[in-house]
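The primary structure of each chain is shown beneath.
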Amino acid sequence: MMAEKSVLVSLVEEFVSGLQDSKAKDTAAGLKNGEFTILQLVEALGLSLTSTQPQTRARGIKLLSDVLEDVDLTEKEVEVLKAFYENRLGDDHITTPPVLQGLRILIQSPKLPPGAAVSILKSIFHNVYVRSLLLADRVALSKMLLNVMDTREAELKDFGADFVFGFIQSIDGESDPRNILLAFQIAKKIIQRGYSLDHYTEDLFDVTSCYFPVDFTPPPNDPRGITREELVQELRQVLTGTPKFAQFLLPLIIEKLDSDVQSAKLDSLQTLAAGVATYEHEDLAEFLEGLWASLRREVFQTSSEKIESAGLAALTAITSCLSRSIVKSDSEDALSTFLDMVLKDCKHHLSEPDLKLMWPSAKLLQAACSASNRASHMIVAAVMPALIEQYNSKNQCSHRRTLLEVMLRFIQSVKSSESSENEERVLSGICPSLCCLTFAALSETNSSLQITATAMLMALARQSGLLEKAQIELAVDHLARLLLSDEDDAVSLAVVSCAGGLAELHPGVFISNMIPRMKKAIFSESMELDGESIKHTQSAVRQRCLSMLAAVSAKPSVAQESTSVLLEVLDAAHSGKFGFSLEEAVLACISLKKIAELVEDTQDSGRCFHDIIIPRLLSLALQAALKGESSSTHQSPLAEEAVLSTMVAIISTACSRLQPTLAGQTAAKFVSLFLDGDVLFLPGNSFPPHIKLLANKQHDDSWKLSQTVCLLMACVCSLPRTVAVPQLERLLSELEEMSCTCSHPMSYTSAAKCFAGLVNKIPSGDSLDSLLQKTMTRILNELNAAALGVRMQAFTLLIWVAKALLLRYHPTCTTLTDKLFSLLDDADLGSAAADSFSLLMSDSADVLSRGCHADVRIMYRQRFFSENSAKLVQGFTAAPQEKKPNYLKALSNIVNKLPKQVQVTELPALLSLLLEALTYPDQGVQLSTLSCLEPVIADPPPALIQQLEALMGRLLPLTSAPTMNVKIASLRCIYALSRFPEHEVLPFRARVLRALARPLDDKKRLVRKEAVQARGEWFLLGSPGGR
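Residues numbered from 1 in each chain as written. Predicted model: local features only at pLDDT ≥ 70, side-chain atom pairs only at ≥ 80, totals over all residues. Heavy atoms only, no water.

1. Remarks on the packing of helix α41 (residues 813–822) against helix α43 (residues 860–878)
Relative orientation of the contacting elements α41 and α43 amounts to 35 degrees, with a least axis distance of 11 Å. Judged by the sense of rotation from one axis to the other, the crossing of α41 with α43 is right-handed. When α41 is examined against α43, the residues T814, T817, D818 and F821 are found in contact with a partner set consisting of F864, N868, K871 and L872. (Axes fitted to C-alpha atoms, helices over the stretch in contact; angles between N-to-C directions. Helix = DSSP H or I, 4+ residues; strand = E, 2+ residues; numbered from the N terminus. Left-handed = near helix turned anticlockwise from the far one by under 90°. Contact = heavy atoms within 4.5 Å.)

Take a look at the structure:
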């Protein structure tokens, strides 16, 4: 026992006198091991704690507090230590930090008895002058308060307003943002959790509002990470947290809005909007005139859009607050009084469309109008009749358009009531006048007026229940007339957009009115309008009508009618009726694709595509292919690649959105058709029995039939992974055979893509491994063939299978990509192999994409680059001189598709290769490398700046390259180089200006444009007035 006591005394002596802080850990370890107790430690500290030297007493208390960090205390020990520490708070200021450390530990202890935390805080508030503490101790005290508020809230509330007073004293005069942020958090909890403020309300406001508005700019690379936005948000929640602050906050905001500092104005307006959201109208009554004067000034005079928006939002919030007031017979209506003031200052400006205050006044009134249904009624009743009358009295189109835009904003800002369906709608009284005015504007010849009128019509339609059926029908008539007669593209876009919105609200009118008129226009040669025959370019009219059919088809009921018309267009194009061109057939397919994307995903829409649209498209495509093989004089445009590619997009989009049951049925029909020639489900069945679509070795004239395999790809490769594809093994075998034996490029490419899309979704296992092994063997054998055509087919299959496996991180992918690397040395396929890396790294639109439910892992590009960049460098080093461009092109294609952050990180290791790539005469290599370098030059890493001489030597000759695209890309890079640090690029200025003189006289305008821009930047470099 004596030995243990001597050890303890030694530890105390070494810590207190020897200033060895590590002895606190040793002492705590002894306590944990039971070698001595807390009481014995206090006894051993006796001489230190009673020393006449405050430094010695502080070291003794510090040892005790450090030890308490690592030991568990009993309830009795906590009580004794609490009394000890509270007693020591009255000691010298040097001892205060370790005492606060000990009290913080006790407050966090679960053994602290009830009421003890409040006792500790009372002692701290009474004995500690917080402002004299170091920052770390002030922060610790703030965290202690937060801890007590979170763990012992009930006790703290019993403390009453004295706690609030103590907190106010503790943060008064705080200047460090770290502790200010904590203080705001404490004040927020005091307000939000309902602590008693008593007569300290104004004091709490004063001690926090002195930081408003926040003026804080964090130092660069600030490790604390405190931002101005954090402080602003926390302070705003304090100041706006209780209506009790309204009498102090509102005059403060009025004062701060007089500031010239833009950030102060913005902060004040945003705080005002947040505050009045919690206030009652009584809180605002005294300050309404001052607030309105400030808001009016900011909107009328400001040059900042942010401040204008914040001022309008604040006005909306004030009006909304006043709208919540209950109107009593013996008192005036606060909302009416306020809006009268707003109308008095703004309404007269609306009669001056040429003057600059018209729009600010309109915006203020619209902001008030949008606050509530009551405000909308008052503003609309006071403003809209006068605007309508003024519109009817004006003759200039510019004035009428301005007035129409103002009325449009008022309609959009109207706040409808959600409380009662029987309540009179805000615009019901003036709706007939607005409709007449809008329809008249649609009949004008001025395009700007017509475009604004379409927006006005849409705004009226969005007011629930406002327009009657007759008005909707008349509106649709006007839109149809404009679409068919007006050749202005902007007007057509506005009409189509408006019709799309109206069709979602009133689908029945479009089914009975618009779609029949579009159909008639599409299938006719001329139209009668207003009693006179007007000839139009039939193709332009058809294009607009086809776009309209797509835009109005968001609802399944409308989509069924519009798709029927579009299918009739394709049928007519196939049969040669009505003179439909290839471009119009493609546009009809594009409209079908838009409908597939736009229509609501319901059982009805899915059934429509499954039962009608997809079978009709398949039938038409097969009929076109069979017709192309016959000796018919009319060749169907539906057999062209442009139409088939768009059909692929339709089927892919539709199948990717089908319900699982319908998706499975659709897949079964496609597979049965292409494998067994089952054409029973196709409409207009006039096909030969057992038609062969996956013909392996076809005759020279059967490629139009074999290329329809792209439609099979569109279906089976876009299905969710949970939908099983029937006869998968046989299908894969046929696709592999076709991709390796069919000589038609589109056919074997589509077969390879279909094969890859299916492989990507097959679950991992022995069946997939055996399939890949068989396919790889076939590919390698075909690549060793003598015929270039056979090798190209096998190469195409290799690329797509490699991409399918790369996306899902399958280990076999490495074998395939290694084969691609080896082909870079191939005399026939080397260039194609280099280009294939762009395909590997790019997103595919029609297959192997997330939209098609493919298995795409995140960051597959970065993984591929990290695993293969070294192989490329090694291959480049070992390759003969004539093959090196292939490696450089492959490297450029890979790096080009990486995220910019990865490019910047990896560039130093590859920069020498990229610079060498610029010296090769291969234009593909040059262009790919320049497109890779351009984004990196815009934000250069240090390694690039160090290679500036070499980079400049490579880029300047390319400004005179024989290819326009290379010249443009190099000029853009040189332009970006002018943004480098001035001291780095200034030595090159004269050299660059001389080199850029030649492209200034280039025969291509785009080259001259880039040269002027680049030379101008370099000319100003280092000059007075330059950057």
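2. Examining the environment of V985
Considering the arrangement of structural elements, one finds V985 in helix α50 (residues 982–985). Of the residues examined, V985 reaches a relative accessible area of 0% and is grouped as buried. Along the backbone, V985 and L1021 are 36 residues apart, and their C-alpha atoms lie at a distance of 8.7 Å. (Buried < 20%, exposed > 50% of the residue type's maximum accessible area, 1.4 Å probe, protein only.)

3. So, the state of the cysteines
Tallied over the full model, the rule gives zero disulfides. In this model C710 remains outside any disulfide bridge; the closest cysteine sulfur is found in C754, 10 Å from its own. C742 carries a free sulfur, and the closest cysteine sulfur to it, the one in C740, is 11 Å from it. (Disulfide = S-S within 2.5 Å.)

4. Considerations on the packing of aromatic side chains
Taken as a whole and assessed by the stated rule, the structure comprises 15 aromatic pairs. Consider the rings of F125 and F163, whose centres lie 6.3 Å apart with planes at 45 degrees: the pair is tilted. Separated by 38 residues along the polypeptide, F125 in helix α8 (residues 116–127) and F163 in helix α11 (residues 161–171) bring together distant segments of the chain. Arranged with centres 5.6 Å apart and planes meeting at 75 degrees, the rings of F184 and Y211 form a pair that is edge-to-face. Of this pair, F184 sits in helix α12 (residues 177–192) while Y211 is found in the loop between α13 (201–209) and α14 (228–239), placing the two residues 27 residues apart along the sequence. For the residue pair F184 and Y211, the accessibility class agrees, reading buried in each case. Between K884 and the ring centre of F876, over which it is positioned, the NZ or CZ distance is 4.2 Å. (Phe/Tyr/Trp six-rings, centres within 6.5 Å; stacked < 30°, edge-to-face > 60°. Lys NZ or Arg CZ within 6 Å of the ring centre and 35° of its normal.)

5. Quick look at the environment of L343
Position of L343 relative to the elements: it lies in helix α20 (residues 334–346). Judged by relative accessible area, which is 13%, L343 ranks as buried. Sequence spacing of L343 and L365 is 22 residues, and the spatial spacing of their C-alpha atoms is 7.4 Å. In this structure, L343 is in contact with L365, I379, A382 and V383, ignoring residues within four places of it in sequence.

6. Remarks on unusual backbone geometry
Cis geometry marks the peptide bond from F212 to P213; its omega dihedral reads -10 degrees. Of note, L848 is a non-glycine position whose phi angle comes to about 60 degrees, a positive value. When its relative accessible area of 5% is taken as the criterion, L848 is described as buried. Here H853, not a glycine, exhibits a phi torsion of approximately 65 degrees, which is positive. The exposure class assigned to H853 is partly exposed, which follows from its relative accessible area of 26%.

These values are about where atoms sit, not about what they do.
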